Structures are given as structure tokens and as C-alpha cells.
Amino acid sequence: MLAAGCQSAETAHTADLSDETPTPIRFDARPVPTLLPRTNLYLFFSSDRPLYYREGEYFQYWHKHWFAADDLRGPWNPITPYQLPDLLQSVPPDYYYDNFPYKLRKEN
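Everything quoted here is computed from the prediction, not taken from an experiment. Sequence order as written defines the numbering, with residues in each chain counted from 1. For a predicted model such as this one, the threshold for reporting local features is a pLDDT of at least 70, and the threshold for listing and counting side-chain atom pairs is 80 or more; totals across whole chains, interfaces and linings nevertheless cover every residue. Only hydrogens and water are set aside; all other atoms, that is, all heavy atoms of the structure, feed into the side-chain values.

Time to look at the overall build of the chain. Only runs of H or I of at least four residues qualify as helices and only runs of E of at least two qualify as strands under DSSP, and these elements are numbered from the N terminus. Helix and strand content of the chain: three helices and six strands. In sequence order, the secondary structure elements of the chain are arranged as α-β-β-β-β-β-β-α-α. The burial tally for the chain puts 31% of its 108 residues in the buried class. Considering only intrachain contacts with a sequence separation of at least 6, the fraction spanning at least 24 residues in the chain is 42%. Surface exposure here means Shrake-Rupley accessible area, sampled with a 1.4 Å probe, where a residue is shielded only by the protein chains that are shown. Carbon and sulfur atoms make up 51% of the accessible area of the chain, which amounts to about 7,500 Å² in all. Burial status follows relative accessibility: with a 1.4 Å probe on protein chains alone, a residue under 20% of its type maximum counts as buried, one over 50% as exposed, and anything between as partly exposed. Throughout, a residue-residue contact means that at least one pair of heavy atoms, one from each residue, lies within 4.5 Å.

So, in C-alpha cells, the structure goes:
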């Protein structure tokens, strides 16, 4: 039982979530995901910001907050870092987007 005025960990993280909705994602080319080797995480290199996909869910980092959606068009819902795939929890949001080996990128 929580004492009056105390917050659970879940409530505390929810308070940090952004009320803003991300702008639509722009693509330089057809949005084709690239599988990160030895993972189940995909990355879109043609997007205007880091965009990830795993098991039917898209993830993007926008204005210092993570968002998730079931469709590229949204709606995008704010999430906590704990709701991200494990690979994204321990690195900066653009780590894989900026550091993916050049030879493995599929240029369109």
C-alpha cells in the first residue's frame, strides 16, 4: 500500500513522458527496413530520424522522448525507455543509425 503523496515507479516514469506528438516521418527513398545482424531489430536508413521496427511495433526518438506505434503513420504513443527493445535501452537513440557498417547498408 502506498502512502499518500508517494508515487509508484511506473507513475514516476509516466510523468516524464512527452505530451507532444511527433511530426510525420519523412523518407528519402522507399521505406525498407534493414535487419541489424544477429538481432530481431530492424532500422530504416532512409528516414529523416532514427526509426526502428521489431515484432509489429515501430519505435522512434523525437524531441528527447521515445514513441511507439503499430503503423508508420501512427498514432505515436509516448513510452518509457523500459518499454523499448533491449538493444535500444543501453545506447544513444541514434547509435545504430549513425554507426551501422557502411558495407551492410542497402543504398536505394
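After that view of the structure, there is still more to cover.
Now for the pattern of salt bridges. A pair is scored as a salt bridge if a Lys or Arg side-chain nitrogen falls within 4 Å of a carboxyl oxygen belonging to Asp or Glu. What the rule picks out here adds up to four salt bridges. Put simply, Arg49 and Asp48 hold a salt bridge, and the shortest N to O gap is 3.6 Å. The exposure class assigned to Asp48 is partly exposed, which follows from its relative accessible area of 30%. For Arg54, the salt bridge goes to Glu55, with nearest N and O atoms at 3.9 Å. On the basis of relative accessibility, which here comes to 64%, the residue Glu55 falls in the exposed class.

Moving on, we come to the sheet that holds strand β6 (residues 77-79). The antiparallel open sheet is built from six strands, whose spatial order is β1-β2-β3-β4-β5-β6. The open sheet has two edge strands with one neighbour each: β1 (34-35) and β6. Here, any two strands with at least 2 DSSP bridges between them count as paired. Where β1 and strand β2 (residues 42-43) come together, two bridges link them in antiparallel fashion. Across the sheet, Leu35 pairs through a bridge with Tyr42, a residue of β2.

Looking at soluble globular proteins, one finds that nonpolar side chains tend to be buried together. As used in this record, nonpolar core signifies buried Ala, Val, Leu, Ile, Met, Phe, Trp, Tyr and Cys residues forming a set joined through side-chain atoms within 4.5 Å. Counting residues in each nonpolar core, the largest one holds 14 residues, and the members touching the most others are Leu43, Tyr52, Phe59, Trp66 and Leu88. Among the elements of the structure, β5 (65-69) and α3 (95-99) are those that each provide at least two residues to this core. Core analysis: the second largest hydrophobic core is formed by eight residues, Ile25, Phe44, Tyr58 and Phe67 among them.

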